[in-house]
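Residue-level structural notes
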Amino acid sequence: MNTKPFNGKAIYNPSGKAGEYSYWACNFYTGCSNDCAYCYCKKGVMSHVWSNAPKLKKCFKDEKHAIEVFERELMQNLPELQKYGLFFTFTSDPMLDSTIELTKSACSRCIRNNVPIKILTKRAEFSKDFIDLFEHDKNHGRSTDWIKLYAIGFTLTGHDELEPNASTNAERIKVMQKLHNAGFKTWASIEPIVDLKASLSCIEQTLGFCDLYKIGLMSGGKLPNKEELRMFVGRVCYKASAYGAKVYWKDCIKKHLGRDIISAATVDRSYNIFK
Ligand code: SF4
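Conventions we followed
Here the residue index of a chain counts from 1 through its sequence in written order. This being a predicted model, a pLDDT of at least 70 is required before a residue's local features are given, and a value of 80 or more before pairs of side-chain atoms are given or counted; all residues contribute to the totals for chains, interfaces and linings. Strands here mean DSSP runs of E at least two residues long; helices mean DSSP runs of H or I at least four residues long; both are numbered from the N terminus. Radius of gyration here is computed from C-alpha atoms only, and the compact-globule reference equals 2.2 Å multiplied by the residue count raised to the power 0.38. Placing a C-beta atom from the backbone of each residue, we mark the residue near a molecule or strand if the atom is within 6 Å of it. Throughout, the ten residues Ala, Val, Leu, Ile, Met, Phe, Trp, Tyr, Cys and Pro are labelled nonpolar, Asp, Glu, Lys and Arg are labelled charged, and all others, Gly among them, are labelled polar. By this rule, a helix spans an expected 1.5 Å times one less than how many residues it contains. For the exposure call, what matters is how many other C-beta atoms sit within 10 Å of a residue's own: 20 or more marks it buried, 12 or fewer exposed, and in between partly exposed, using C-beta atoms placed from the backbone. We call two residues in contact whenever the C-beta atoms placed from their backbones are within 7 Å. The term nonpolar core refers to a group of buried residues, namely Ala, Val, Leu, Ile, Met, Phe, Trp, Tyr and Cys, whose C-beta atoms join them within 7 Å. For each domain, the first and last residues come from an automatic or database assignment. Note on geometry: axes are C-alpha line fits, over the in-contact stretch for helices, and angles between N-to-C directions span 0 to 180 degrees. Under this scheme an angle from 65 to 115 degrees is roughly perpendicular, one under 35 degrees roughly parallel, and one over 145 degrees roughly antiparallel; angles in between are oblique. Directions pointing from the helix axis toward each C-beta atom define the arc. Each crossing is labelled by how the near helix is turned from the far one, with a counterclockwise turn of less than a right angle marking it left-handed and a clockwise turn marking it right-handed. The pairing criterion for strands is at least two bridges between them, as found by DSSP. Convention used here: a crossover is right-handed provided that the path from the first strand, over the helix, to the second strand proceeds clockwise when the strands point away from the viewer.

1. Some points on the overall build of the protein
Scanning the protein from N- to C-terminus turns up 9 helices and 10 strands. A compact globule built from 275 residues should have a C-alpha radius of gyration of about 19 Å, and the protein, at 18 Å, falls within 12% of that. By principal-axis analysis of the C-alpha atoms, the protein measures approximately 50 × 50 × 35 Å.

Printed below as a string of structure tokens:
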């Protein structure tokens, strides 16, 4: 099993904190123009290849080669990918102007092979094309079943000043609602929590059109007050239950609280948003 994000493959099995997002993930690029202040990729093992301009991973000669490698790995791991889905992406934003063409190309191959797709982005602009395509297919009597294979996620921190080149949190929330209304599954990464108040506000603003929240602390950041975190957890569980949304609490939160979190809304790592 290949668990490294920075490897000679397109598709791999993420480990550690990334593994809490998906059993399978795809990275084509390293680097990201959103330029988040807290970006985990700017530090550690990827710091030497990181830049604000995404670059194809060195193992790919060009985009054509990247999609050939992707297609080969997709077919090699097809039953597993059909079961668990494929996450885009940990080492860039898959919906940047500079990355989206390869993302779309890979997604079209996933759809042809019935592989569910989990997108995580801080961009809002792409959603119009997705909704227009869905409307076009619907209006022309074509199958729109492909929509069921997408779970589109937005990172929401409530702190635009830390994400200077990303779409604003308000723009992300607005398009999440549009995508959900069109029939796409939607989810939010409430990670990192910069402050509990802003994270709770993001959750409250998306109740009713967000199917799943994945919630985690700032990696290496100051830990929140335990009592305040406990109250936050209680409020989120209550509100998510009331709206039929699910919540995945990352291990870092449970570790800090020193206990498991049990509620009707809480799901574990095996939860499948597509079922
Ligand atoms: S969107 Fe993700 S990959 Fe891009 S700069 Fe922000 S944290 Fe880093």
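2. Quick notes on the site of the ligand
Near the ligand the following residues occur: Cys32, Asn34, Asp35, Cys36, Cys39, Cys41, Ser92, Asp93 and Lys122. Here the shell around the ligand is composed, by residue class, of 4 nonpolar, 2 polar and 3 charged.

3. A short note on helix H6 (residues 169–182)
In an α-helix, one turn spans 3.6 residues, which is why side chains three or four residues apart end up on the same side. For H6, built from 14 residues, the straight-helix expectation of 20 Å at 1.5 Å per residue is met to within 8% by its first-to-last C-alpha distance of 20 Å. Every buried residue of H6 is accounted for by Asn169, Arg172, Ile173, Val175, Met176 and Leu179. Each element contacted by the buried residues of H6 is listed here: helix H5 (127–139), strand S7 (150–155), strand S8 (185–193) and helix H7 (196–206). Positioned one or two residues after H6, Gly183 has a phi angle of 120 degrees, which is positive.

4. With respect to the nonpolar core
If you look at the biggest cluster of nonpolar residues, it comprises 65 residues, and the most contacted ones within it are Cys26, Leu86, Ile117, Tyr213 and Val247. Residue-level mapping places this core at the junction of two domains, with at least three residues from each of domain 1 (1–114) and domain 2 (122–275).

5. Remarks on the packing of H7 against helix H8 (residues 226–243)
Packing of H7 against H8 leaves a shortest axis separation of 11 Å and a crossing angle of 0 degrees. In terms of their interaxial angle, H7 and H8 are classed as roughly parallel. Each of Leu196, Leu200, Ile203 and Glu204 in H7 lies in contact with H8, whose residues at this interface are Glu228, Leu229, Phe232, Arg235, Val236 and Lys239. Of the residues belonging to the contact of H7 with H8, the class tally is 6 nonpolar, no polar and 4 charged.

6. Overview of the domain arrangement of the protein
When its domains are assigned, the protein resolves into domain 1 (1–114) and domain 2 (122–275). Relative to domain 2, the C-alpha centre of domain 1 lies at a distance of 20 Å. Each partner contributes to the interface: domain 1 provides 17 residues, whereas domain 2 provides 18 residues. When residues of the side of domain 1 that touches domain 2 are assigned to their parent elements, the largest contribution, 3 residues, is made by helix H4 (residues 100–112).

7. So, H4
Taking 1.5 Å of rise per residue, 13 residues should cover 18 Å, and H4 covers 18 Å from first to last C-alpha, within 8% of that figure. By the burial criterion, the buried members of H4 are Leu102, Thr103, Ala106, Cys107 and Cys110. The arc that holds every buried residue of H4, seen down its axis, measures 135 degrees, which confines them to one face. Seen from the open side of H4, the exposed residues pointing more than 90 degrees away from its buried face are Glu101 and Arg112. Just past H4, the residue Asn114 takes up positive phi, approximately 60 degrees.

8. Remarks on the packing of H5 against H6
Packed helices, taken two at a time, are described by the angle their axes make and the gap between the axes. Interhelical geometry of H5 versus H6 gives an angle of 15 degrees and a closest axis separation of 10 Å. What the angle tells us is that H5 and H6 run roughly parallel. The two elements H5 and H6 cross, and the hand of that crossing is left-handed. Where H5 abuts H6, its residues Ser127, Phe130, Ile131 and Phe134 lie against Val175, Lys178, Leu179 and Ala182. For the contact of H5 with H6, the residue count by class is 6 nonpolar, 1 polar and 1 charged.

9. Thoughts on the environment of Asp62
Looking at the element boundaries, Asp62 is found in the loop between strand S4 (55–56) and helix H2 (63–76). Sequence separation between Asp62 and Asp145 is 83 residues, and the spatial gap between their C-alpha atoms is 31 Å.

10. A short note on the sheet that holds strand S10 (residues 246–249)
Across a sheet, strands are paired by hydrogen bonds formed along the backbone, either parallel or antiparallel in direction. Across the sheet, 8 strands lie side by side as S1-S2-S5-S6-S7-S8-S9-S10; this open sheet has mixed pairing. In this open sheet, the two edge strands, each paired with only one partner strand, are strand S1 (11–12) and S10.

11. Some remarks on the pairing of S8
Among the 9 residues in S8, 9 count as buried, and that is most of the element. On the question of chirality, the crossover connecting S7 to the parallel S8 by way of H6 is right-handed. Sheet analysis places S8 next to strand S9 (residues 212–217), joined by 5 bridges and oriented parallel. Considered in S9, the bridge of Ile193 is made with Leu217. At this point the chain moves from S8, through H7, to the parallel S9, and the crossover so formed is right-handed.

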